[in-house]
Amino acid sequence: MSISTRRVRAIFRKELREYRRNKSIVTGMAIFPLIFLIQPLVVVFVLPTSAAGQLAHEHLLLYMLGIPALVPAMLAAYSVVGERQQGTLEPVLGTPIRREELLLGKALASFVPSVAVAYAVYAFFLACVELFAHPGVAPALLQGPYIAAQLIFTPLLAAWSVWLGIAISARSSDVRVAQQLGVLASLPPVLVTSLIAFNAIHATPGLALGLAAALLVLDGLGWRLTSAAFNRERLITGTR
Amino acid sequence: MDSQEGGQRSAAALHVHGLTKRFGTRVAFEDVSFEIGYGEVFGFLGPNGAGKTTTVRTLGTLIAPTSGSATVAGIPLTPENGVEIRRRISIMPESPGLYLRLSVAENLQCFADLYEVPDPGDRIERALRAVSLAGRAHDACGALSKGLRQRVALARALLSDPDVLFLDEPTSGLDPVAARDVHELIDTLRRSGVTIFLTTHRLEEAERLCDRVAILNTTLRTIGRPDELRDRLFARALTVRTLAPLPDPGSVFGGLAAVDGWHQDGPASYLLAVSDSTIAAPAATRALVAAGAGVLSIGESRHSLEDVYLELINQDTEASRR
């Protein structure tokens, strides 16, 4: 089976245009990052210099992995059921597009802006810490392994959320229900990162590598599994 | 067009044999067979729930048939051939299904890319000109009237230069002027040789536009040219109107050549069942003049496609009551 990059690009571009002009999506994309940005910022700014050393053991930055876990889920959960509700899915499925191409286009359209937002928020946070936090906070917080974890886990978590969101979207008949389920289904990774952040799970390089490998495998399987679950006939006729 | 390449084009644009679709125990359509030639405009009529849209979706590879076989644009209808078939056809569903936040041009650009049409800019311009929307390319689809959206959906269906164009209720909900514009476009497409499969509720539309029609009511009730269907279902008749009631119509119409029977249709109006109106009409005229009747008109009684449709659907309703 050959994948047409032109068709994938067509879906990707169309989705981005739609997202950009959809106020509820733009608002949703702004709210989640804010929630995950404000809490660490407050902690960092109220922390006195004397307590800065404590930060090295708190894994504060891991909170921000909530952004790539939740934002793409919200976008992806809209992608199929949103089209179905608008009545635009049938004309698209009537073209020569393969389901793998359609899903890849939709997945990229959720993945790329989510990862961009997550990295941008993260960069903004680091800049704020570097520029405005009390002396001693920045060196305690900005450590290589945390930054590397953020860079590596952001796309891995986003991809997982995307496939989960699309799978839910393809089985739902209501946009809001799909988005709520999508966000709910993306909570387990947030829970794991929270447990690590609270030191309930001891973070080690081995654990990080294991989680990354598991996510990589799940992301790879996600496309194929979601494609297999995508039923053209059920989506068109609404039959179970 | 692609289907003409390599001399692979078959005689029929659509060949359907014993096609059936069931959803669980519910039958959408059953044992449907017909053939449509290239360049033909074929009307597919039937009441709500008759299975028209499901037939279009099945032939458009959007849903799989339960049994039966078909070839679409010369390609056998199988799951493996879905992409190839969809490359050669276009479906315009009843609801235009446009991205309302996108402009007309952005909508068409997306579909031009999905069909991988060469030189999409030129193709989009031509499609917009064909539906008289060249000046509205940059308008948001959400800001267009229903009629204009329907035209954009038609432009979208034309982008890929399809061999077979499925139009599902293309004038549904349109005002008469917008509907007339769509009719003119279908006429233009017919002249350019596109095969059109038209489902509609508007019988006068089918009568005006279609070379042949089929009436579906879960099963295929009849198929043929509109005039053929009339002749098949209704006896030929002459309507005679006189200035005053005839004192003894039996003596005037009885025994006339090619007249099989007659009955009074109104105070001074008579309906003659005829086997050949070209013989019966002059004979009736002569008999009326000989009887001293003041003849207002003698005309062939015309049954419309609507009469045919209603007769068949009423037969089904009666049968289901028994």
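Everything numeric in this text was worked out from a predicted model, so none of it was measured. (Residues numbered from 1 in each chain as written. Chains lettered and ligands numbered in written order. Predicted model: local features only at pLDDT ≥ 70, side-chain atom pairs only at ≥ 80, totals over all residues.)

Here we look at the overall build of chain A
If you tally the helices and strands in chain A, you get eleven helices and zero strands. Listing the helices and strands of chain A from first to last along the sequence gives α-α-α-α-α-α-α-α-α-α-α. Radius of gyration (C-alpha) of chain A: 19 Å, near the 18 Å computed for a compact globule of 240 residues. With respect to the three principal axes, the spread of C-alpha positions in chain A is 65 × 35 × 30 Å. Relative to its 240 residues, chain A shows a buried fraction of 47%. Long-range pairs, those at least 24 residues apart, make up 90% of the contacts in chain A between residues at least 6 apart in sequence. (Helix = DSSP H or I, 4+ residues; strand = E, 2+ residues; numbered from the N terminus. Rg over C-alpha atoms; globule rule 2.2 N^0.38 Å. Buried ≥ 20, exposed ≤ 12 C-beta atoms within 10 Å, placed from the backbone. Contact = placed C-beta atoms within 7 Å.)

Description of the interface of chain A and chain B
Chain A puts 26 residues into the contact, and the matching count from chain B is 25 residues. Elements that contribute at least two residues to the side of chain A that touches chain B include exactly α1 (5–20), α4 (89–93) and α11 (232–237) of chain A. Among the elements that line the side of chain A that touches chain B, the one with the most residues is α1 of chain A, at seven residues. Residues of the side of chain A that touches chain B, tallied by class, amount to seven nonpolar, eight polar and eleven charged. (Nonpolar A, V, L, I, M, F, W, Y, C, P; charged D, E, K, R; others polar.)

A word on the nonpolar core
Residue and element names in this part refer to chain B. Ranked by size, the top nonpolar core spans 144 residues in total, and within it Val 72, Ile 196 and Phe 197 carry the most contacts. Dropping the residues within four chain positions of it, Val 72 is found in contact with Leu 14, Leu 59, Leu 77, Ile 85, Ile 89 and Val 164. Of all hydrophobic cores here, the second largest spans 13 residues; its members include Ala 237, Val 240, Val 252 and Val 274. (Core = buried A, V, L, I, M, F, W, Y, C linked by C-beta atoms within 7 Å.)

Section: the sheet that holds strand β10 (residues 219–224) of chain B
Residues and elements named next belong to chain B. Spatial ordering of the open sheet is given by β6-β7-β8-β3-β9-β10, a layout of six strands whose pairing is mixed. Every interior strand has two partners, whereas the edge strands, β6 (89–92) and β10, have only one. Neighbour-to-neighbour, the strand axes of this sheet turn through a mean angle of 15°, independent of strand direction. Along the sheet, helix α1 (residues 52–59) makes contact with β3 (41–45), β6, β7 (164–168), β8 (195–200) and β9 (212–217), crossing β8 at roughly 150°. (Pairing = 2+ DSSP bridges. Axes fitted to C-alpha atoms, helices over the stretch in contact; angles between N-to-C directions.)

Things to note about the environment of Arg 212 of chain B
All names here are of chain B. Mapping Arg 212 onto the fold places it in strand β9. Residues Arg 212 and His 138, 74 residues apart in the sequence, show an inter-C-alpha distance of 38 Å. Once residues within four sequence positions are removed from consideration, Arg 212 is found in contact with Glu 40, Phe 42, Ile 223, Gly 224 and Arg 225.

Some words on the sheet that holds strand β13 (residues 269–274) of chain B
All names here are of chain B. Strand order in this open sheet of four strands is β12-β13-β11-β14, and the pairing throughout is antiparallel. Across the chains shown, the open sheet's two edge strands, defined by having one partner strand only, are β12 (259–266) and β14 (295–300). Taking the axes of each pair of neighbouring strands and ignoring which way they run, one obtains an average angle of 20° across the sheet. Where β12 lies against β13, six bridges are found, and the strand directions are antiparallel. If you follow Gly 266 over to β13, its bridge partner there is Ser 269.

Let's talk about the environment of His 263 of chain B
All names here are of chain B. For His 263, the position within the fold is in strand β12. His 263 sits in the exposed class, given 11 other C-beta atoms within 10 Å. A sequence separation of 77 residues divides His 263 from Ile 186, and the C-alpha atoms of the two residues are 42 Å apart.

Comments concerning the domain arrangement of chain B
When cut into domains, chain B gives domain 1 (2–225) and domain 2 (235–300). Here the C-alpha centre of domain 2 of chain B lies 46 Å away from the C-alpha centre of domain 1 of chain B. (Domains from an automatic or database assignment.)

Focus: the confidence of the model for chain B
All names here are of chain B. A residue-level look at chain B finds 95% of positions with pLDDT of 70 or above and a mean pLDDT of 89. Between the elements of chain B, mean pLDDT differs from a low of 75, seen in helix α8 (residues 226–233), to a high of 97, seen in helix α3 (residues 104–114). Considering only residues more than four positions removed or in separate chains, one finds that residues 1–8, a stretch of pLDDT under 50, has twelve contacts. Model confidence for the complex: the whole-complex pTM is 0.82, and ipTM, which rates the interface, is 0.87. (pLDDT = per-residue confidence, 0-100.)

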